[in-house]
Amino acid sequence: MNRREFFKRSLTIAGSLLIARNSNASDQPLSVYSTQNKANKKNWEKFEELKKTNSQIDESYAVLVDITKCIGCRRCEWACNEWNKNPNRPVKEFEASKDEKPSVFDRVRRTHAGEFTVVNRFHSKNKPVYVKKQCMHCAEAACLNACFVDAFKKTPQGAVLYNPSLCVGCRYCMIACPFDIPAYEYYNALTPQITKCTMCFDRVTDGKVPACVESCTSDALIFGKRSEMLKLAYNTINKNPERYINHVYGEHEAGGTNWLYISQIPFEKLGFPELDKTPIPAHSKSFLFTVKVLEVVAAAPLVWGAYYMISKNRSKKEGKKDE
Amino acid sequence: MSNWFNEKILLGMNCREYISKHATLLNFMALIILCFSFYAMAYRLIYGLGPATNLSDTYPWGFWISFDILAGIALAAPGLTVGTVVYLFGAKDYKHFARPAILSSLLGYIFAVFALMFDLGRYYRVFYVIGWSWGLNSILFLIAWHFFLYIIICLIEWFPAFFEWLGIEKAKNFFSKLGIWATVFGVIIAGGHQSALGGLFLVAPTKIHPLWYSALLPLFFLVSALFAGISMVIIESTISHKVFRDQLKTFDRADFDNKTLGLAKALVIILFVYLILKVLDLTHYNNWHYLKSEYGYWYLLEVVGFVLAPALVLINSVKNKKVKLVRFTTFWVVTGVILNRFNVSLIAYNWYIPLQEKYYPTWMEIALSLGVVTLIVLFYRFIVRRMSILS
């Protein structure tokens, strides 16, 4: 062990001891502790600003992820942190994790307060398969529908944005999201926010591509109009039917999403939830409708009528008794 | 002024007498629970949810939602069940169950909202949902508004007793007249949000175990709230008739036992309605095969062990007029309802996650909830001793 190695190790140990102070926190990534996210506010302000100019968008954008091409370099994670001002480390450390042992890939991760996207490693026939995970930006988003103060908006560009100045912090959006994406600033006592990928709304509206797409060196991420991305996805599949399964994840799942995936192995083996075409909000819609009809129209007269009938019957009976 | 205070608040004693009379072991225990609870509250407010709870991005809702809100509101349903039967359908025989039932609903809801404040990340914005920004498609929006309205309704129903205590005759009569309207709307509102609490989980079809997920979740929550409500009426009346015996001028034990048996009959009927719905649900989704798994056994424990079994015992005890057994069984039923709420919101939620990664509460989460329960009991006692609730 040379001197440099020694310092590095002792620092790691000291660091992990510091974190371990908090009972079960030692196995949690640092990004859980991150607070005071800036991306939410920035994107929301941009959204509000653009609403005034009334610019027309004819079609939403999408990112197509070709899972077969991802090499697990995690540059997209780095670029995302960099652009959104989340806690970050040198890009080399991200790239190295592929060959490290133990590695961040040893466990399946999810998004956290200061980490809008993560790449996970799965195995198929002993070959590693890397899968990027971030907000899917559903066409009919569960989080948007679940929010009781209307703090989410679906933009014409495709991104689902979050307004931190309305959020009450109930975390129902996290319950509703079928992809387990929204994360929460649990370590902020006063002004916690929900955080998630914004599809780089601020970049896209400036004519750029999302930060992760820009940083991808293996062509695994492609950004464009959603219909074109779908066409591209099917073209790719049809050209190499032996290489891909015939399924574009996100085309119909939960009513369609603005992130699309193609893959060589079935998606349920890569941690994707098995969803049908029903948008998540549809599951609660009929209940809400029933409640509205019952409460607004039917219940009051019904209950009153029942009361009236019963008390009338009773007074009749009592009248008879008196006679 | 000090005379008024001594009369109304201290029950005719002076401060020293009042304190020395209340220096009992039970009150001391309550004080200790409250100390831990207030510590937990302060800790959560200062350091945030992260250090105070075991909540995580995978488990955004924990013990507080399951116990304080889902179980708590179901147990606060006496106002719904008894209020309806007595005021609306004129079951006058049960009249002296009504005021305590409504008081417990009122306290149950107020303290559920109080407890919820600690779970909300930005509790100081909670009024946003009432008058600032409406998420009209959210079931949680429905619940928030219903809570708000129902607390007002319970207040109106409770005010006659309150103003009687203050000796303001005019206000008392005014609210007595409003009572029937409050009850009509109370039935609608309470029914609406008891079911909506089940409806909350309709949006998690892939996350909740198929044995618990159903389009009928709202109906299950409503029906189980009904039997929870009746059970709570029996439990409460049993306890308060023991504790506040000196307040009851005329107390006919035989009559009281008969009424309890009458409530038990209603309880059995609703328990069986629930069971039939559960079987229909299993068949409709064709979920029978899930019963042969660990989650299946747990499901059977809930449905057979805490619904069917107590229902059978109740039938037996109503037949043989075993009032004591009825009272015991209602505790059993209530435990079942609490278990059900925990199952839906925590145990069956994220059911595919390995056991060691599942959520369990910190001591602070439990202490805070225990403190809230203690507060409800203390307030209930405070009010019952002063206003004509029981007589």
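Located above this text is the structure these notes cover.
Figured I'd write up the structure that's included with this text. (Residues numbered from 1 in each chain as written. Chains lettered and ligands numbered in written order. Predicted model: local features only at pLDDT ≥ 70, side-chain atom pairs only at ≥ 80, totals over all residues. Heavy atoms only, no water.)

Looking now at the environment of histidine 289 of chain B. Residue and element names in this part refer to chain B. With respect to the helices and strands, the residue histidine 289 is situated in the loop between α12 (253–284) and α13 (294–319). Sequence-wise, histidine 289 and arginine 16 are 273 residues apart; in three dimensions their C-alpha atoms are separated by 66 Å. One polar contact links the side chain of histidine 289 to the main-chain carbonyl oxygen of asparagine 286, over a distance of 3.4 Å. (Helix = DSSP H or I, 4+ residues; strand = E, 2+ residues; numbered from the N terminus. Polar contact = N/O pair within 3.5 Å; in protein donor to acceptor, adjacent residues only side chain to side chain.)

Take the interface of chain B and chain A next. At the interface, 65 residues of chain B touch 53 residues of chain A. Summing both sides of the interface, chain B and chain A together bury roughly 4900 Å²; the carbon and sulfur share of this comes to 61%. When the buried surface of chain B facing chain A is broken down by residue, Asp57, Arg122 and Val203 of chain B rank first, second and third, together holding 15% of it. A salt bridge links aspartate 119 of chain B to arginine 171 of chain A, with the shortest nitrogen-to-oxygen separation between them at 3.0 Å. At nine residues, the largest contribution of residues to the side of chain B that touches chain A is made by helix α10 (residues 169–199) of chain B. (Contact = heavy atoms within 4.5 Å. Buried area = accessible area lost by both parts, 1.4 Å probe. Salt bridge = Lys/Arg side-chain N within 4 Å of Asp/Glu carboxyl O.)

Here we take up the packing of aromatic side chains. Residue and element names in this part refer to chain B. Enumeration over the complete set of coordinates arrives at 52 aromatic pairs over all chains. Considering the side-chain rings of tyrosine 128 and tryptophan 132, the 6.1 Å spacing of their centres and the 50° angle between planes classify their relative orientation as tilted. Residue classification places tyrosine 128 among the buried positions, given a relative accessible area of 15%. Residue tryptophan 132 is classed as exposed on the basis of its relative accessible area of 61%. Three or more aromatic residues joined by ring pairs make a cluster, and in this case those are Trp158, Phe159, Phe162, Phe163, Trp165, Phe174 and Phe175. (Phe/Tyr/Trp six-rings, centres within 6.5 Å; stacked < 30°, edge-to-face > 60°. Buried < 20%, exposed > 50% of the residue type's maximum accessible area, 1.4 Å probe, protein only.)

Residue and element names in this part refer to chain A. This model, assessed by the stated rule, comprises 19 salt bridges over all chains. Between aspartate 202 and lysine 42 there is a salt bridge; the shortest N-O distance is 3.2 Å. Of this pair, aspartate 202 sits in helix α7 (residues 201–204) while lysine 42 sits in helix α2 (residues 39–53), and the two are 160 residues apart along the sequence. Judged by relative accessible area, lysine 42 falls into the partly exposed class, the value being 36%. A single salt-bridge network, built from bridges that share partners, covers Arg74, Glu77, Arg109 and Glu115.

All names here are of chain B. At their nearest, the axes of helix α6 (residues 78–88) and helix α7 (residues 95–119) sit 8 Å apart, and the two run at 150° to each other. Classed by the angle they form, the pair α6 and α7 counts as roughly antiparallel. For the pair α6 and α7, the crossing hand works out as left-handed. Contact residues: α6 offers Pro78, Gly79, Leu80, Val82, Val86 and Tyr87, while α7 offers Lys95, Phe97, Ala98, Arg99, Ala101, Ile102, Ser104 and Ser105. Of the residues in the contact of α6 with α7, the class split is nine nonpolar, three polar and two charged. (Axes fitted to C-alpha atoms, helices over the stretch in contact; angles between N-to-C directions. Parallel < 35°, antiparallel > 145°, perpendicular 65-115°, else oblique. Left-handed = near helix turned anticlockwise from the far one by under 90°. Nonpolar A, V, L, I, M, F, W, Y, C, P; charged D, E, K, R; others polar.)

So, about the layout of surface pockets. Residues and elements named next belong to chain B. Its boundaries defined by the atoms lining it, the second largest pocket holds a volume of some 1300 Å³. Lining the second largest pocket are 40 residues, with Val373, Thr374, Ile376, Val377 and Leu378 sitting closest to its centre. Secondary-structure elements contributing two or more residues to the lining of the second largest pocket are α3 (25–47), α5 (63–75), α7, α11 (217–243), α14 (323–347) and α15 (363–386). In terms of residues, the lining of the second largest pocket owes the most to one element, α15, which gives 10 residues. (1 Å grid on protein atoms, 1.4 Å probe; cavity = no way out; pocket = protein on both sides within 12 Å on 5 of 7 lines; lining within 4 Å. Points joined across faces, edges and corners; volume = space filled by probe spheres on them.)

Moving on to the sheet that holds strand β8 (residues 221–225) of chain A. Residues and elements named next belong to chain A. Read from one edge to the other, the open sheet built from three strands follows the order β8-β1-β9, with strand pairing classed as mixed. Strands with a single pairing partner mark the edges of an open sheet, and in this sheet they are β8 and β9 (259–262). With strand direction ignored, the average angle separating the axes of adjacent strands in the sheet is 25°. Here strand β1 (residues 61–66) runs beside β9; their pairing, made up of four bridges, is parallel. Within β9, the position partnered with valine 63 by the bridge is tryptophan 259. Across the sheet, helix α9 (residues 226–239) lies against β1, β8 and β9, angled at about 130° from β8, the strand it touches most. (Pairing = 2+ DSSP bridges.)

In this structure, Tyr172 and Tyr261 of chain A are the most contacted members of the largest nonpolar core, which totals 198 residues. Looking at which element gives the most residues to this core, the answer is helix α9 (residues 139–166) of chain B, with 18 residues. Ranked by size, the runner-up nonpolar core spans 10 residues in total, among them Met229, Ala233, Val248 and Ile262 of chain A. (Core = buried A, V, L, I, M, F, W, Y, C linked by side-chain atoms within 4.5 Å.)

Here the focus is a nonpolar patch on the surface. All names here are of chain B. A cluster of nonpolar side chains, Leu25, Leu26, Phe28, Met29, Leu31, Ile32, Phe36, Tyr39 and Trp363, forms an exposed patch at the surface whose accessible area comes to about 1000 Å². Per-element tally for the nonpolar patch: the top contributor is α3, with eight residues. Summarising the element assignment, isoleucine 32 is placed in helix α3. On the basis of relative accessibility, which here comes to 37%, the residue isoleucine 32 falls in the partly exposed class. (Patch = residues over 30% accessible without salt bridge, like charges linked within 9 Å, V, L, I, M, F, W, Y side chains within 5 Å. Areas by Shrake-Rupley, 256 points an atom, 1.4 Å probe, with all protein chains shown as cover.)

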